[in-house]
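Geometric and topological summary
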Amino acid sequence: MIIDGRAIAREIVENLKNQPRPNKTLAAIFVGDNPQSQSFLRQKEKIATELGIEFRLIRFPESISQPDLISEIKKIGADGAVGGMIVQLPLPAKFNRDTVIVAVNPLKDVDALTPVSQQLVDPLPVAVVKEILKRRDINIKDKVMVVVGRGFLVGKPIANYFLGKCKELILLHSKSGLSEVNQGDVVITGVGKGGLITPEMLKPGAGVIDFGYDFNPPAGGGKIMGDFNPEPYAISHKPLAFYTPTPGGTGPILVAKIFDNFYKLNSL
Ligand code: NAP
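Residues numbered from 1 in each chain as written. Predicted model: local features only at pLDDT ≥ 70, side-chain atom pairs only at ≥ 80, totals over all residues. Heavy atoms only, no water.

Turning our eyes to something else, we now look at the overall build of the protein. Along the backbone of the protein there are eight helices and eight strands. Its C-alpha radius of gyration of 19 Å places the protein within 12% of the 18 Å reference for a compact globule of 268 residues. For the C-alpha atoms alone, the extent of the protein along its principal axes is close to 55 × 40 × 35 Å. Classification of the 268 residues of the protein by burial places 49% in the buried group. Once local pairs closer than 6 in sequence are excluded, the contacts in the protein between residues at least 24 apart make up 71%. In the form shown here, the protein has an accessible surface area of approximately 12700 Å², with 52% of it arising from carbon and sulfur atoms. For the protein, the distance from the average position of its 32 positive side-chain charges to the average position of its 27 negative side-chain charges is 2 Å. (Helix = DSSP H or I, 4+ residues; strand = E, 2+ residues; numbered from the N terminus. Rg over C-alpha atoms; globule rule 2.2 N^0.38 Å. Buried < 20%, exposed > 50% of the residue type's maximum accessible area, 1.4 Å probe, protein only. Contact = heavy atoms within 4.5 Å. Areas by Shrake-Rupley, 256 points an atom, 1.4 Å probe, with all protein chains shown as cover. Lys, Arg positive; Asp, Glu negative; His and termini not counted. Charge placed at Lys NZ, Arg CZ, Asp CG, Glu CD.)

UniProt feature "domain: Tetrahydrofolate dehydrogenase/cyclohydrolase catalytic" (unreviewed entry): in the numbering of this structure it lies at residues 3-111. Taken end to end, residues 3-111 is 44% helix and 18% strand, and its two terminal C-alpha atoms sit 23 Å from one another. (UniProt positions renumbered as here; feature names shortened; annotations may be inferred.)

On to the side chain of lysine 257, then. In this fold, lysine 257 is placed in helix H8 (residues 250-265). The buried category is assigned to lysine 257, whose relative accessible area is 7%. Look past the residues within four positions of lysine 257 in its chain and what remains in contact with it is Ile12, Leu124, Ala127, Val128 and Glu131.

Attention now goes to the pattern of salt bridges. Per the stated rule, a full pass over the model turns up 15 salt bridges. For lysine 17, the salt bridge goes to glutamate 50, with nearest N and O atoms at 2.7 Å. Here the residue lysine 17 occupies a position in helix H1 (residues 5-17), and glutamate 50 occupies one in helix H2 (residues 35-51), the gap between them amounting to 33 residues. Given the relative accessible area of 33%, glutamate 50 is considered partly exposed. (Salt bridge = Lys/Arg side-chain N within 4 Å of Asp/Glu carboxyl O.)

Neighbouring the ligand are 22 residues; Arg150, Val154, Ser174, Phe211 and Tyr213 lie closest to it. Contacts to the ligand include serine 174, whose side-chain N or O atom sits 2.6 Å from an oxygen atom. Between an oxygen atom of the ligand and a main-chain N or O atom of tyrosine 213, the distance comes to 3.0 Å. The protein chains hide 74% of the 940 Å² of surface that the ligand would expose on its own. At three residues, the largest contribution of residues to the shell around the ligand is made by H8. Taken together, the residues that form the shell around the ligand break down as 10 nonpolar, nine polar and three charged. (Near = heavy atom within 4 Å. Polar contact = N/O pair within 3.5 Å; in protein donor to acceptor, adjacent residues only side chain to side chain. Nonpolar A, V, L, I, M, F, W, Y, C, P; charged D, E, K, R; others polar.)

For soluble globular proteins, nonpolar side chains are generally found buried alongside one another. Core analysis: the largest hydrophobic core is formed by 46 residues, its most contacted members being Leu26, Ile158, Phe162, Ile188, Ile209 and Phe259. Going through the elements one at a time, H1, strand E1 (25-31), H2, helix H5 (124-135), strand E4 (144-148), helix H6 (155-162), strand E6 (186-189) and H8 are the ones with two or more residues in this core. Among the elements that take part in this core, H8 stands out by supplying eight residues, more than any other. In contact with isoleucine 209, not counting residues within four places along its chain, are Val129, Ile132, Leu133, Val186, Val187, Ile188, Thr189, Phe242, Thr244 and Thr250. Counting 21 residues, the second largest nonpolar core, distinct from the first, contains Ala27, Leu91, Val104 and Leu113. (Core = buried A, V, L, I, M, F, W, Y, C linked by side-chain atoms within 4.5 Å.)

Here it is, written out as structure tokens:
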């Protein structure tokens, strides 16, 4: 019932080892010094090293101006040795994320954050959801999908993907409340509020795919928490089909999918 994201990520990476390795660099652009971003970047670098892909971390101080940052991103995107690029998010607050992101070369956008690159490869959370649904043998055509959160990184691309593909799509957000979360055959959440959703709120037999990260939840005792709190007592009273734990759920799969996209973009 608990999805082992680390094991799935391992399989994805092992599978990539059997494919021709692109002889290109993966460039990661990191502005400022957010410690969580540093930790995510280390995970990306570790997999790059394992696959024998050169990982180039390009750091800029928070003091860089937005036009200068955009010009540096364009230069990196034009470098023939670079086969994939990541602008590590979140950017410090002074930058306009959407304006900066469009400077990424869409042919090298492994995160698939721009509309053009989304024609080529899946946005990472979408790739993660597809991977989990495939493994659970879930056909969304006859399923009610609830997406909690409509954020740029998680909720929005996932809701866009489901539109017209599932029996019913319910999109919840901060103004809607969560009363309809119990309609979902599968609930996908990307909010960032530790323990927002508990098993009692769900339909029996539902599945939960949780992307939320709360680094400092009031109930977490200093530990990272997902949006879903799979409290064991409650689960025994309301059986679920599956859920992704945090940490060790969607996060590792998402990092592995970056490399899936890197290989795909370099074989186009
Ligand atoms: P975001 O921009 O942080 O937006 C959060 C969304 O949650 C908004 O749509 C907001 O609603 C909604 N929301 C806030 N409080 C709510 C509540 N009480 N009930 C229902 N909805 C509520 O979103 P994001 O950038 O997509 O990121 C979402 C989360 O995913 C973050 O925790 C981020 O760290 C995490 N993340 C995880 C991974 C992974 O690998 N697991 C990857 C990327 C991001 P409004 O629109 O009404 O404000």
